[in-house]
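Single-letter residue listing:
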Amino acid sequence: MGNTNNHNYTSPTEKAELKLDGKTVEFPVVIGTEGEKAFDISELRAKTSYITLDQGYGNTGSCLSAITFVDGDKGILRYRGIPVEQLAEQSTFIETAYLLINGKLPKKGEADQFSKELTENASLHQDFKEIFDGIPSSTHPMATLASMVLVLSGFYASWGDPNKNQTEVEFRKASAMLLSKIRTIAAYSYKKSIGQPLIYPHRSLSYCANFLHMMFSLPGEEHPIDEEAVKVLNLLLILHADHEQNCSTSTVRLVGSGRSNLFACIAAGICALWGPLHGGANQEVMEMLDEIHHQGGGNIQKYVDLAKDPNSSFRLSGFGHRVYKTFDPRAKVIKQACDRYFNKHGVHDPLLEIALKLEGVALKDDFFISRKLYPNVDFYSGILYKALGIPTNMFPVMFAIGRLPGWIAQWKEMREAKSPRIGRPRQVYIGPAKYDYVPIEKRK
Ligand code: CMC
């Protein structure tokens, strides 16, 4: 399972034909497990001297992958074949991480071993404290996270080196180390930004409980662990865990294709995720809802109109998706989890009401209907993170913690591909045609 290398997905019967310059050229057709079709243009340039142009890569498959399946028209998301709704309901983030990275759910002994490795790796080297001390507290926690993940390469130089053959066990240990340490780094980034002392991880706590402990405990004042909050955090991280070849994952693969080490690739992925069109959208959504709230809460139509205005660059954050042309299945699960958690805890958040109204208005508007713009994962996730006490500027960091298993799995799959090549797109040059250099004194 999880191995794309030994199969041939090329159709024995179907071929794509391209008529160009009076010639007909044939290309193999590739068919995926769920019937997804592509034609393989690897030999296009050699056969025709043409390249394809696909800005934003909306039509370009960059790899064969056995990790995640998304059907954007039907709103389907599966990790290694398992529907994400089932994982969100029944699994934990760590079990899901194991599934993504190793291609199968762990048996009891494997789960225990993985858990032990996570616990053993939760602490950071003491030198990190000084590095944290050197970072200005005004730094966005995503910048701190990316920097610190890169710094890890200095402490564990051989762990993520793609030029060194690692056994499955060595790779599992390296991934446990990264998963465990990113959580500690994330919590430390927060503590640093609010000027509180760093809280060390607790050996007896589960992954998510430990994160909440490091975020909210104080020296001499343990944060009480709420099992419902732990469950919600598991659910959110599971929903973030992978999403095939999105902007940050493609970045991880592209950087990795040049054989950079795993830490460098993950740090690059974090930087890509930070953008407001990608994983930074959850922060943008909350800031938008907050703004509407502070203006009295009745201004929803103004924002919808602004998003529709062709002269404005404003977009309704948390709406639309390159792949989903219906409800994002993750948004559905989060919305239900919001209802459950809020009812159980008697939480009332006016931002949830504004979000529901905004969704209602947008989904009745022809602009959004005709463009198939539905709420995505980021529309409701911030409201739930806020209910857990997570501050807004940490939302993209939460997304990064969640996405880490996906990045690790995709990096591993890329490294193990049959003939991995460096990622190197081409371009169509539209600059000036050749002209000669003019010495400075002769320039007009
Ligand atoms: N608000 C208003 N209009 C929008 C929005 C939006 N949120 N999203 C897309 N459109 C319009 C866009 O202006 C364009 O209109 P027209 O055809 O008139 O030019 C049309 O819909 C298609 O948009 P696009 O930019 O070609 O779509 P894309 O596939 O390139 O972009 C997207 C996808 C997610 C970047 C975009 O929908 C967006 O900017 N959404 C807001 C940011 C956001 O919520 N991002 C999180 C995505 S989910 C988490 C993740 O996986 O990263």
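Reading the values: rules and limits
Throughout this document, residue positions are counted from 1 along each chain, in the order its sequence is written. Local features in a predicted model are, by the rule used here, given only for residues with pLDDT of at least 70; side-chain atom pairs are given and counted only at 80 or more, and totals for whole chains, interfaces and linings are based on all residues. Runs of H or I in DSSP of at least four residues are treated as helices and runs of E of at least two as strands, each being numbered from the N terminus. Two things to know: the radius of gyration comes from C-alpha atoms, and the globule rule equals 2.2 Å times the number of residues to the power 0.38. Neighbour density around each residue's C-beta defines its exposure: 20 or more other C-beta atoms within 10 Å make it buried, 12 or fewer make it exposed, and counts between make it partly exposed, where C-beta atoms are placed from the backbone. Following DSSP output, two strands are said to pair if at least two bridges run between them. Note on geometry: axes are C-alpha line fits, over the in-contact stretch for helices, and angles between N-to-C directions span 0 to 180 degrees. For this classification, under 35 degrees means roughly parallel, over 145 means roughly antiparallel, 65 to 115 means roughly perpendicular, and everything else is oblique. Each crossing gets its hand from how the near helix is turned against the far one by less than a right angle, where anticlockwise is left-handed and clockwise is right-handed. This entry defines residue contacts through backbone-placed C-beta atoms, with two residues in contact when those atoms are within 7 Å. Put plainly, near means the residue's C-beta atom, positioned from the backbone, lies within 6 Å of the molecule or strand in question. Only Asp, Glu, Lys and Arg are considered charged, only Ala, Val, Leu, Ile, Met, Phe, Trp, Tyr, Cys and Pro nonpolar, and every remaining residue, Gly among them, polar. What we call a nonpolar core is a set of buried Ala, Val, Leu, Ile, Met, Phe, Trp, Tyr and Cys residues whose membership is set by joining through C-beta atoms within 7 Å. Residue ranges for the domains originate in an automatic or database domain assignment. As a per-residue measure, pLDDT tells how confident the predictor is, with possible values from 0 to 100. A helix's residues, less one, multiplied by 1.5 Å, set its expected span.

1. Observations regarding the overall build of the protein
Part 1: Within the protein, the secondary structure is distributed over 18 helices and six strands.
Part 2: Since a compact globule built from 444 residues should have a radius of gyration of about 22 Å, the 24 Å found for the protein is in line with a globular shape.
Part 3: Expressed as lengths along the three principal axes of its C-alpha atoms, the size of the protein is roughly 80 × 65 × 55 Å.
Part 4: Within the protein, the proportion of its 444 residues that are buried is 40%.

2. What about the pairing of strand E5 (residues 76-79)?
Part 1: Burial of the side chains of E5 is restricted to one face: Leu 77 and Tyr 79 are buried, whereas none of Ile 76 and Arg 78 on the reverse face is.
Part 2: By the bridge criterion, four bridges tie strand E4 (residues 68-71) to E5 in an arrangement that is antiparallel. Along E5, the bridge assignment pairs Phe 69 with Arg 78.
Part 3: Hairpin connection from E4 to E5: four residues lie between these consecutive antiparallel strands, with Gly 75 at a positive phi of about 70°.
Part 4: Between E5 and strand E6 (residues 82-83), which pair antiparallel one after the other, the connecting turn spans two residues, and Arg 80 there sits at a positive phi close to 50°.

3. Brief notes about the packing of helix H13 (residues 300-308) against helix H15 (residues 350-363)
Part 1: Where H13 contacts H15, the two axes come as close as 10 Å, and the packing angle between them is 50°. If you check the angle between H13 and H15, you find them oblique. Crossing of H13 over H15 shows right-handed handedness. Contact residues: Ile 300, Gln 301 and Val 304 in H13; Ile 354, Lys 357, Leu 358, Val 361 and Ala 362 in H15.

4. Considering the sheet that holds E4
Part 1: Strand order across the open sheet formed by three strands is E4-E5-E6, with antiparallel pairing between neighbours. With partners counted over all chains shown, the strands left at the sheet margins are E4 and E6, one partner each.

5. Comments concerning the site of the ligand
Part 1: Close to the ligand lie 21 residues, the nearest being Ala 281, Arg 315, Gly 320, Arg 322 and Asn 376.
Part 2: Per-class residue counts for the shell around the ligand are seven nonpolar, 10 polar and four charged.

6. A word on the nonpolar core
Part 1: Of all hydrophobic cores here, the largest spans 113 residues; its most connected members are Leu 145, Val 149, Ile 266, Ile 270 and Leu 384.
Part 2: Each of domain 1 (10-71) and domain 2 (81-221 + 263-272 + 406-415) gives at least three residues to this core.

7. Looking at unusual backbone geometry
Part 1: Look at Tyr 57: it is not a glycine, yet its phi comes out positive at around 55°.
Part 2: Despite not being glycine, Glu 244 has its phi angle at roughly 40°, a positive value.
Part 3: Within the element layout of this structure, Glu 244 appears in the loop between helix H9 (227-240) and helix H10 (247-257).
Part 4: The partly exposed category is assigned to Glu 244, around which 17 C-beta atoms lie within 10 Å.

8. Overview of the confidence of the model for the protein
Caution applies to low-pLDDT regions: their predicted coordinates should not be interpreted in detail.
Part 1: The pLDDT averaged across the protein works out to 93; a share of 98% of its residues lies at or above 70.
Part 2: Of the regions scoring below 50 in pLDDT, residues 1-5 engages in 12 contacts with residues more than four places distant in sequence or in other chains.

9. Some thoughts on helix H12 (residues 281-294)
Part 1: Taking 1.5 Å per residue as the helical rise, H12 with its 14 residues ought to reach 20 Å, and the 20 Å between its terminal C-alpha atoms agrees with that figure.
Part 2: Turning to H12, its buried residues are Ala 281, Asn 282, Gln 283, Glu 284, Val 285, Met 286, Met 288, Leu 289 and Ile 292.
Part 3: Taken together, the buried residues of H12 touch H13, H15, helix H17 (377-387) and helix H18 (395-416).
Part 4: Gly 296 occupies a position one or two residues after H12 and carries a positive phi of about 105°.

10. Quick notes on H10
Part 1: Most of H10 is tucked away, with nine of its 11 residues classed as buried.
Part 2: Every buried residue belonging to H10 is among Ser 248, Thr 249, Thr 251, Val 252, Arg 253, Leu 254, Val 255, Gly 256 and Ser 257, and all of these are buried.
Part 3: Those residues of H10 that are buried lie in contact with helix H11 (262-273) and H18.
Part 4: Arg 259 sits one or two residues past H10 and shows a positive phi near 70°.

11. Here we look at the environment of Asn 210
Part 1: Here Asn 210 shows up in helix H8 (residues 207-216).
Part 2: Those residues in contact with Asn 210 that sit more than four places away from it in its chain are Ala 122, Arg 183, Pro 201, His 202 and Leu 205.

12. With respect to the packing of H9 against H18
Part 1: For the pair H9 and H18, interaxial distance at closest approach is 7 Å and the crossing angle is 70°. The angle between the axes of H9 and H18 places the two elements in the roughly perpendicular class. As for how H9 packs across H18, the hand of that crossing is right-handed. Counted together, Leu 236, Leu 237 and His 240 of H9 and Met 398, Phe 399, Ile 401, Gly 402 and Arg 403 of H18 form the full contact between these two elements.
Part 2: Partitioning the contact of H9 with H18 into residue classes produces five nonpolar, two polar and one charged.

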